[in-house]
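# Structural characterization, general
One letter stands for each residue in the lines below.
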Amino acid sequence: MKFKKAIITGITGQDGSYLAEFLLKKKYIVHGIKRKSSSFNSSRIDHIYENKSYKNKFFLHYGDLLDSNSLTKIIRKVSPDEIYNFAAQSHVGVSFELPNYTSQVNSIGTLNLLQAINDCGLSQKTKFYQASTSELYGEIQEKRQSEKTPFYPKSPYATSKLFAYWITKNYRESYKIFASNGILFNHESPRRGETFVTRKITIGLSRIIHGLEKCLNLGNIYSLRDWGHARDYVEMCWKVLQFQKPDDFVIATEKQYSVKFFVDQCFKYLKIKIRWSGKGLNEYAKIIDFDKKKYPNLKINMVVIKISKKYFRPNEVNNLIGNANKAKKLLKWKPKINIHQLIKEMMDADLENSRKLILR
Ligand code: NAP
Ligand code: GDD
């Protein structure tokens, strides 16, 4: 039996690790591209690499989206059926600090991959998935954003991903590559990068509970997002490439919550009562009731959330919510994990991580 071969860029990231697990279960041979780092950057995939049943099924290659030679070499050697381009400088806030680097990696990096497919003579064989994003909608032009909603990017990150979106379409039309964009809304998990807001909250609260930190500083808590679970979303990335033709799809839960709601639900899950007071940069949350036996490090009136100017962005995307009708109809998209299950999974994992930190 001939197994399908996939290359995943960004294998060490949140989505790369979940997709690798998903494809291996589907009997793919998976090749991940990881970049050289001076410290370990493979904690999300170590369990796959060490799993004996994936011996000769899971391979890692050093490469970088900015080094087109490395990409061509790997693609020529593997001759993949599918490439999933997850690699990116993916932090919107950081993209304001590193606009040039973000643009190089996210825009030119995507172009490098598409051109490598062509240069290796694989344009009629290799399918290409581009990790596009709801950030493209930025200053929203429609209440619910679908594939037809005009884009209005508001950060160097979003602008760089707009180039990647269009160059993917352009290579589809020019060279008939099966190249598709998945326009994914925010998706989270216990493997989410630690500086994205949901993970920052679940880590922050876990550390406060374990007495490792006293307070969590956040930026714009009134920002609204459509949050799903990364495990659900990577399955859709695969489905996008299994569709009968290359196309672009919005993947979203179609439910919207604020950052403040996410904080409230985390505390609710922990059975800790908080009260919000103040306004703007002076807004804060303090603890008003909790189980003293369960949480010996907490105190009544302890201020646990503060607002810090540092975490506001020069240009904010305030409000995103998807319209995923096309994916529901054509890809049978239905999210399995809701926000409360997501919060439970993330909180439980980070409470355990903090507990282990203390035991070390
Ligand atoms: P992530 O956790 O930040 O992972 C990004 C990956 O890209 C990491 O493996 C990183 O490697 C790698 N990378 C960065 N620069 C690279 C370069 N120059 N060459 C090769 N690899 C490089 O991101 P994610 O949350 O998994 O998201 C996956 C993709 O989907 C990203 O493109 C993101 O922009 C996009 N997206 C994400 C969401 C979301 O809500 N998560 C929504 C829409 C779109 P290191 O581990 O070495 O840093
Ligand atoms: N990171 C962060 N840290 N965000 C904060 C904070 C904070 O302390 N306080 C409030 N926020 C707000 C941000 O201003 C933003 O409005 C919202 O919380 C979500 O921020 P992030 O979790 O950093 O995600 P993002 O929406 O900017 O970007 C993510 O989702 C995009 C899809 O819409 C990233 O994964 C992107 O790569 C992805 O494309």
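Our subject is the structure listed above.
Bear in mind that the values here come from a model prediction, so they are computed numbers and not experimental data.

Analysis parameters
Residues numbered from 1 in each chain as written. Chains lettered and ligands numbered in written order. Predicted model: local features only at pLDDT ≥ 70, side-chain atom pairs only at ≥ 80, totals over all residues. Heavy atoms only, no water. Helix = DSSP H or I, 4+ residues; strand = E, 2+ residues; numbered from the N terminus. Rg over C-alpha atoms; globule rule 2.2 N^0.38 Å. Buried < 20%, exposed > 50% of the residue type's maximum accessible area, 1.4 Å probe, protein only. Areas by Shrake-Rupley, 256 points an atom, 1.4 Å probe, with all protein chains shown as cover. Lys, Arg positive; Asp, Glu negative; His and termini not counted. Charge placed at Lys NZ, Arg CZ, Asp CG, Glu CD. Pairing = 2+ DSSP bridges. Axes fitted to C-alpha atoms, helices over the stretch in contact; angles between N-to-C directions. Contact = heavy atoms within 4.5 Å. Near = heavy atom within 4 Å. Polar contact = N/O pair within 3.5 Å; in protein donor to acceptor, adjacent residues only side chain to side chain. Expected span 1.5 Å × (residues − 1). Bend = angle between axes of the 7 residues up to and from the residue. Nonpolar A, V, L, I, M, F, W, Y, C, P; charged D, E, K, R; others polar. Parallel < 35°, antiparallel > 145°, perpendicular 65-115°, else oblique. Left-handed = near helix turned anticlockwise from the far one by under 90°.

On to the overall build of the protein chain, then. The helix and strand inventory of the protein chain stands at eleven helices and 15 strands. For 360 residues, the compact-globule estimate of 2.2 N^0.38 gives 21 Å, and the protein chain sits close to it at 21 Å. Viewed in the frame of its principal axes, the protein chain has a C-alpha envelope of about 65 × 50 × 40 Å. The burial tally for the protein chain puts 55% of its 360 residues in the buried class. Working note: accessible area of the protein chain is about 17,400 Å², and carbon and sulfur atoms make up 52% of it. Within the protein chain, the 33 negative side-chain charges are centred at a point lying 3 Å from the centre of the 62 positive side-chain charges.

Bringing the sheet that holds strand 1 (residues 5-9) into the picture now. With parallel pairing, the seven strands of this open sheet are ordered in space as 3-2-1-4-5-6-11. With one partner strand each, in any of the chains shown, strand 3 (58-62) and strand 11 (248-251) form the two edges of the open sheet. Between one strand axis and the next, the sheet turns by 20° as a mean value, whatever way the strands run. Against the sheet, helix 1 (residues 14-25) makes contact with strand 1, strand 2 (29-34), strand 3 and strand 4 (82-85), and its axis sits at roughly 170° relative to strand 1, the strand it touches most. On top of the sheet, helix 5 (residues 99-119) reaches strand 1, strand 4, strand 5 (127-133) and strand 6 (179-184); it is set at about 170° to strand 5, its chief contact.

Right, let's talk about the site of ligand 1 for a bit. Contacts to ligand 1 come from 25 residues, most closely from T12, D15, S90, Y157 and K161. The separation between an oxygen atom of ligand 1 and a polar side-chain atom of T12 is 2.6 Å. Compared with its free state, where it exposes 900 Å², ligand 1 has 90% of that area covered by protein. Of all the secondary structure elements, the ones that give two or more residues to the shell around ligand 1 are helix 1, helix 5, strand 5 and helix 6 (156-175). In terms of residue count, strand 5 provides more of the shell around ligand 1 than any other element does, three residues in total.

Right, let's get into helix 5. In this model, helix 5 (21 residues) spans 29 Å end to end at C-alpha, consistent with the 30 Å of a helix rising 1.5 Å per residue. At I108, helix 5 is deflected by roughly 30°, the largest bend along its length. Those residues of helix 5 that sit buried are T102, V105, N106, S107, G109, T110, N112, L113, L114, A116, I117 and N118. Once helix 5 finishes, G121 follows within two positions and takes phi at roughly 70°, a positive value.

What follows deals with the site of ligand 2. Residues in close proximity to ligand 2 total 24 residues, the closest being S134, Y157, S223, R313 and E316. At 2.6 Å from an oxygen atom of ligand 2 is found a side-chain nitrogen or oxygen belonging to S134. E316 places a polar side-chain atom, nitrogen or oxygen, 2.6 Å from an oxygen atom of ligand 2. The residue makeup of the shell around ligand 2, split by class, is nine nonpolar, nine polar and six charged.

It is at 9 Å that the axes of helix 3 (residues 68-78) and helix 5 come closest, and there the two elements cross at 40°. For the element pair helix 3 / helix 5, the angle class is oblique. Our pair here, helix 3 against helix 5, has a crossing hand that is right-handed. Contacts between helix 3 and helix 5 involve S68, L71, T72, I75 and R76 on the former and, on the latter, G109, N112, L113, A116 and D119. Considering only residue class, the contact of helix 3 with helix 5 consists of four nonpolar, four polar and two charged.

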